[in-house]
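Overview (structure and organization)
Here is what each chain is made of, one letter per residue.
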Amino acid sequence: QMQLVESGGGLVQAGGSLRLSCAASGRTSSDYVMAWFRQAPEKEREFVAVINWDSSGTSYADSVKGRFTISRDNAKNTVYLQMNSLKPEDTAVYYCAARPFYRGVRFGVTDYGFWGQGTQVTVSS
């Protein structure tokens, strides 16, 4: 079983930056495609960014493209989400998720079997 633990959330002013981390344990993270999702109050969970097992490819939601960067360090079993130029509409609980690499990159919530507990990001205007 794979465990994912997110950290790095907090309160930041609009225009500021945060760096989220997702530490994986129980399985070798390099065997997994890793993604970030987020869920705002009274909204459905949505895709934010995904990275292939060897960092050979990344993809982003249009709403965060050019502002967020996903990266990973397989030696540390950790995935990161660097968030710049934050906006109030980025306020949400951010979740880390994983799926086996041989199943390919996907963007749907139901495509991922392993999830962290989430970390709150609040952007004030």
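What counts as what
- Residues numbered from 1 in each chain as written.
- Predicted model: local features only at pLDDT ≥ 70, side-chain atom pairs only at ≥ 80, totals over all residues.
- Heavy atoms only, no water.
- Patch = residues over 30% accessible without salt bridge, like charges linked within 9 Å, V, L, I, M, F, W, Y side chains within 5 Å.
- Areas by Shrake-Rupley, 256 points an atom, 1.4 Å probe, with all protein chains shown as cover.
- Salt bridge = Lys/Arg side-chain N within 4 Å of Asp/Glu carboxyl O.
- Helix = DSSP H or I, 4+ residues; strand = E, 2+ residues; numbered from the N terminus.
- Core = buried A, V, L, I, M, F, W, Y, C linked by side-chain atoms within 4.5 Å.
- Buried < 20%, exposed > 50% of the residue type's maximum accessible area, 1.4 Å probe, protein only.
- Contact = heavy atoms within 4.5 Å.
- Pairing = 2+ DSSP bridges.
- Axes fitted to C-alpha atoms, helices over the stretch in contact; angles between N-to-C directions.
- Disulfide = S-S within 2.5 Å.

Comments concerning a nonpolar patch on the surface
Together, Trp53, Phe101 and Tyr102 make up an exposed nonpolar region whose accessible area comes to about 350 Å². With respect to the secondary-structure elements, Phe101 resides in the loop between β9 (92-100) and β10 (114-115).

Points about the nonpolar core
One finds Leu4, Met34, Trp36, Leu81, Met83 and Tyr94 to be the most contacted residues of the largest nonpolar core, which totals 36 residues. Elements with a contribution of two residues or more to this core: β3 (18-25), β4 (32-39), β5 (46-51), β7 (68-73), β8 (78-83), β9 and β11 (119-124). The biggest single contributor to this core is β4, with 6 residues. If sequence neighbours within four positions are ignored, Tyr94 has contacts with Glu6, Leu20, Trp36, Phe37, Arg38, Val48, Phe68, Leu81, Met83, Gly118, Thr119 and Val121.

Thoughts on the sheet that holds β8
Pairing is antiparallel across the open sheet formed by 4 strands, whose spatial order is β1-β3-β8-β7. Either end of the sheet is taken by a strand with one partner, and the two such strands are β1 (3-7) and β7. Strand-to-strand, the axes of this sheet are offset by a mean angle of 15 degrees, without reference to chain direction.

Observations concerning the state of the cysteines
As enumerated under the stated definition, the model contains 1 disulfide in all. Across a sulfur-sulfur distance of 2.1 Å, Cys22 and Cys96 are joined as a disulfide pair. For the disulfide bridge between Cys22 and Cys96, the dihedral angle about the S-S bond is near -80 degrees, and by the sign convention the bridge is left-handed. Remark: Cys96 occurs in strand β9 and Cys22 occurs in strand β3; sequence separation between them is 74 residues. Classification of Cys96 as buried rests on a relative accessible area of 0%.

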